[in-house]
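Survey of secondary and tertiary structure
These are the residues of each chain, in order.
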Amino acid sequence: MDSLLKHMVDMTGHRDHTMLDVSVMAAVQELAGASQTRVLSITTVRGQQYVRSRAIICAGGAARVEEQPDPNLPGEPLGAYPELADCIARHGTSAQAVSGEGKLTLWLPIWFGDKADTCLEIMHPTPYSADTIHVIGGIVSVYRNFQNLLDYSERDSLTGLLNRKTFDDQLAKMLQASSEAEAAAPAPERRHPSDLERQWLAVVDVDHFKLVNDKFGHLYGDEVLILIANLMQSSFRANDRVFRFGGEEFVVLLRSTRLDSARNIIDRFRTNVEAHDFPQVGRVTVSVGFVSISAYESPVITLGRADQALYYAKSHGRNQVCDYEQLVAGGLLTAVASNDTAEFF
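Now for a quick tour of the structure.

Thresholds applied
- Residues numbered from 1 in each chain as written.
- Predicted model: local features only at pLDDT ≥ 70, side-chain atom pairs only at ≥ 80, totals over all residues.
- Heavy atoms only, no water.
- Helix = DSSP H or I, 4+ residues; strand = E, 2+ residues; numbered from the N terminus.
- Polar contact = N/O pair within 3.5 Å; in protein donor to acceptor, adjacent residues only side chain to side chain.
- Contact = heavy atoms within 4.5 Å.
- Core = buried A, V, L, I, M, F, W, Y, C linked by side-chain atoms within 4.5 Å.
- Buried < 20%, exposed > 50% of the residue type's maximum accessible area, 1.4 Å probe, protein only.
- Axes fitted to C-alpha atoms, helices over the stretch in contact; angles between N-to-C directions.
- Parallel < 35°, antiparallel > 145°, perpendicular 65-115°, else oblique.
- Nonpolar A, V, L, I, M, F, W, Y, C, P; charged D, E, K, R; others polar.
- Pairing = 2+ DSSP bridges.

It is worth spelling out the side chain of D323 at this point. Position of D323 among the secondary structure elements: in strand β13 (residues 321–323). A polar atom in the side chain of D323 sits 3.1 Å from the backbone nitrogen of E325. With sequence-adjacent residues up to four places away left out, D323 is seen in contact with L259, R263, F290 and A309.

Among the nonpolar cores identified, the biggest contains 32 residues, and I228, M232, F236, F269 and F278 are the most heavily contacted of them. Those elements that provide at least two residues to this core are β9 (198–206), α6 (209–216), α7 (218–235), β11 (249–257), α8 (259–275) and β12 (286–293). At seven residues, α7 tops the list of elements feeding residues into this core. For I228, the residues in contact, after removing those within four places along its chain, are V206, F250, F269, F278, V284 and V286. Of all hydrophobic cores here, the second largest spans 24 residues; its members include L20, A55, I110 and F112.

To continue, consider the packing of α6 against α7. Where α6 contacts α7, the two axes come as close as 7 Å, and the packing angle between them is 140 degrees. Classed by the angle they form, the pair α6 and α7 counts as oblique. Two secondary-structure elements touch here, α6 through F209, V212, N213 and F216 and α7 through H218, Y220, G221, V224 and L225. When grouped by side-chain class, the residues that make up the contact of α6 with α7 number six nonpolar, three polar and no charged.

Moving on, we get to the sheet that holds β12. Overall, mixed pairing links the six strands, which are arranged β8-β10-β11-β9-β12-β13 in an open sheet. Of all the strands in the sheet, just β8 (162–163) and β13 have a single pairing partner and so form its edges. Sheet analysis places β12 next to β13, joined by three bridges and oriented parallel. Its bridge partner being in β13, G289 is matched across the sheet by C322.

Below is the structure:
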């Protein structure tokens, strides 16, 4: 009982999804004696569902967060886990499979309303007793409730995207990753900037959105924002982060990739919006400005540069993607000197 209480206190003491994942895995691993526990993400990309592992702990080992081997891929098809796929389809609370060697795999989807984008996977040499299943169910209930609370505080109520309040923390993590990558790079290495994998920040703005609200009303305007948020989630990669900053402005943090890949990913989203038929409204387009993230520049400067590229796109025809560094190199924009006290609008 003391061990259970300790884990409950630990789980509810976090204000971060990653640490909450680690805590629930540690609780299940100890209290259920599992051989391996994973937290899985379930995503939908172009109508297909995928599964990827975002954290794992094995018996006798430490919990660790798992990075996607290829960030351009959303994960394994959900169909590779037929028992789990059936469970998700019927909105079930659990599914299990027993291997030829008698080893049990137990899946527990975490439902929020009619959607499950997280699942706990527990592996054990033999089937669990009813009492152990009951303990695991209690842990999962606490995990679900607390994850729901975190989501409520971190997500935009209209679109379900991350909100502006969470942006600083996510950007700080990317800046730390950039700093570590730059420190680890060999000093004599000489590569063209376009060949380097970097982190990227993109600012997205819906073109002529005020006209949509004025002509069709705010209900249709809200529907446009919701549909664009859905297109963002399906167009960007699973490990990218998408935020609604307010109004018709969105921000995207792209994980490590090269310049040409970043441009292609962002432009794929732009073309997906252009090709989408918005009910009643018809055609809607977006303009995007993006810039690489450097550990040596403040967030204010980075956002300001992406904003400059965005406003260049909007003032030169809209419905296009502009790279700040390319604009500066071509003499189309003037680089702004770093000044941590400056704020861009």
